[in-house]
Amino acid sequence: HRLRVSGLPPTASWQDLKDHMRRAGEVAFAEIVKPGVGIVRYANGGDAKEAIIMLDRSIFEDARGASGGEIRIREMEEWDAGCGRSRSRSGPRRR
């Protein structure tokens, strides 16, 4: 039930992200992974699907009123999380 959120203002905090995404359901986890991009995990899949429907292309404002404009939300695959993922799709080099 993980979602990738892009288009965040560079000043956005994980708390701002969690507050915004909470409008669609119970947020279990929120993190800013790099400026403008965050990861949100919902407690259940129904809330995650609702977030995509309700909040994709919504206007995000942080607690200070800074707007990043329109945010985009997409569902993450397990391998998309970046854990143990190789950048190369080819096999190891042979000598």
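Quick summary incoming for the structure in this document. Per chain, residue numbering runs from 1 following the sequence as it is written. The predicted origin of the model limits local features to residues at a pLDDT of at least 70 and limits the giving and counting of side-chain atom pairs to 80 or more, whereas totals for whole chains, interfaces and linings rest on all residues. The side-chain numbers reported here are obtained from all heavy atoms of the structure, hydrogens and water having been left aside.

Here we look at the nonpolar core
A general feature of soluble globular proteins is that nonpolar side chains tend to end up buried together. For clarity, the cut-off: What makes a nonpolar core is a set of buried Ala, Val, Leu, Ile, Met, Phe, Trp, Tyr and Cys residues whose side-chain atoms join them at distances within 4.5 Å. Per-residue accessibility, obtained with a 1.4 Å probe over protein chains only, is compared with the maximum for each type, and a residue is labelled buried under 20%, exposed over 50%, and partly exposed between these values. Only runs of H or I of at least four residues qualify as helices and only runs of E of at least two qualify as strands under DSSP, and these elements are numbered from the N terminus. For this analysis, residues touch if any pair of their heavy atoms sits within 4.5 Å.
With 17 residues, the main nonpolar core has V5, L17, M21, V40 and Y42 as its most contacted residues. At the level of secondary structure, the elements contributing two or more residues to this core comprise β1 (2–6), α1 (14–21), β2 (27–34), β3 (37–42) and α2 (45–55). The dominant element in this core, judged by the number of residues it contributes, is α2, at 3 residues. The contacts of M21, once residues within four sequence positions are left out, are L3, V5, V27, V40, Y42, A51, L55 and I73.

Details of α2
Rules: Summarising the geometry, the arc corresponds to the directions from the helix axis toward the C-beta atoms.
All of the buried residues along α2 are G45, D47, A48, A51 and L55. End-on view of α2: buried residues confined to an arc of 165°, all on one side of the axis. Contacts from the buried residues of α2 go to β1, α1, β3 and β6 (72–75). Once α2 finishes, R57 follows within two positions and takes phi at roughly 70°, a positive value.

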